[in-house]
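Residue-level listing of the chains:
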Amino acid sequence: MADNSIQHIINYKNYLEREIISMEHKLKDYTIEFENVKTFILNNCKHEWVNDNIDQMEGYKLSVPIKYCNKCQSTYNTK
């Protein structure tokens, strides 16, 4: 009985390992596609830039200026 139980756990471990590898590949593919879509939107949206301020989470004492597109929510990076 114990051998059957350990074999079941070994099979389950192997299944989980295959699933993790599959998900890692899928995540890599989705990440590449996501970056391509963001680049396309950034280059093709007729941006409506909005200047705003957001509060920092810690203590809400300091606001940080941001600039984002009202249409696509892309942020304007001033670096």
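Above this text is the structure in question.
This one's a predicted model, so the numbers in the text were calculated from it and none came from an experiment. (Residues numbered from 1 in each chain as written. Predicted model: local features only at pLDDT ≥ 70, side-chain atom pairs only at ≥ 80, totals over all residues. Heavy atoms only, no water.)

Undergrad: Break down the pattern of salt bridges for me, citing the residues and quoting the values.
TA: Inspection of the entire model under this criterion finds two salt bridges. Among the ionic pairs, Glu48 bridges to Lys71, the shortest N-O distance being 3.9 Å. Placement of the pair is Glu48 in the loop between helix H1 (2-44) and strand E1 (49-55) and Lys71 in the segment after strand E2 (63-69), with a sequence separation of 23 residues. Glu48 gets classed as partly exposed once you look at its relative accessible area, which sits at 40%. (Salt bridge = Lys/Arg side-chain N within 4 Å of Asp/Glu carboxyl O. Helix = DSSP H or I, 4+ residues; strand = E, 2+ residues; numbered from the N terminus. Buried < 20%, exposed > 50% of the residue type's maximum accessible area, 1.4 Å probe, protein only.)

Undergrad: Give me the lowdown on the side chain of Ser74, citing residues and values where you can.
TA: As for its placement among the helices and strands, Ser74 is situated in the segment after E2. Overall, the relative accessible area of 14% leaves Ser74 in the buried class. In contact with Ser74, other than residues within four places in its own chain, are Ile41, Leu42, Trp49, Lys67, Tyr68 and Cys69. (Contact = heavy atoms within 4.5 Å.)

Undergrad: I'd like to hear about the packing of aromatic side chains, residue by residue, with values.
TA: With the rule as written, the count across this model stands at two aromatic pairs. With a centroid separation of 6.3 Å and an interplanar angle of 25°, the aromatic rings of Tyr12 and Tyr15 are classed as stacked. Taken together, the positions of Tyr12 and Tyr15, both in helix H1 and three residues apart, correspond to about one turn of that helix. Exposure remark for Tyr15: the relative accessible area of 39% places this residue in the partly exposed category. (Phe/Tyr/Trp six-rings, centres within 6.5 Å; stacked < 30°, edge-to-face > 60°.)

Undergrad: Pulling in residues and values, what's your account of unusual backbone geometry?
TA: Even without glycine at this site, Gln73 takes up a positive phi of about 65°. Along the chain, the position of Gln73 falls in the segment after E2. Using a relative accessible area of 55% as the deciding quantity, one classes Gln73 as exposed.

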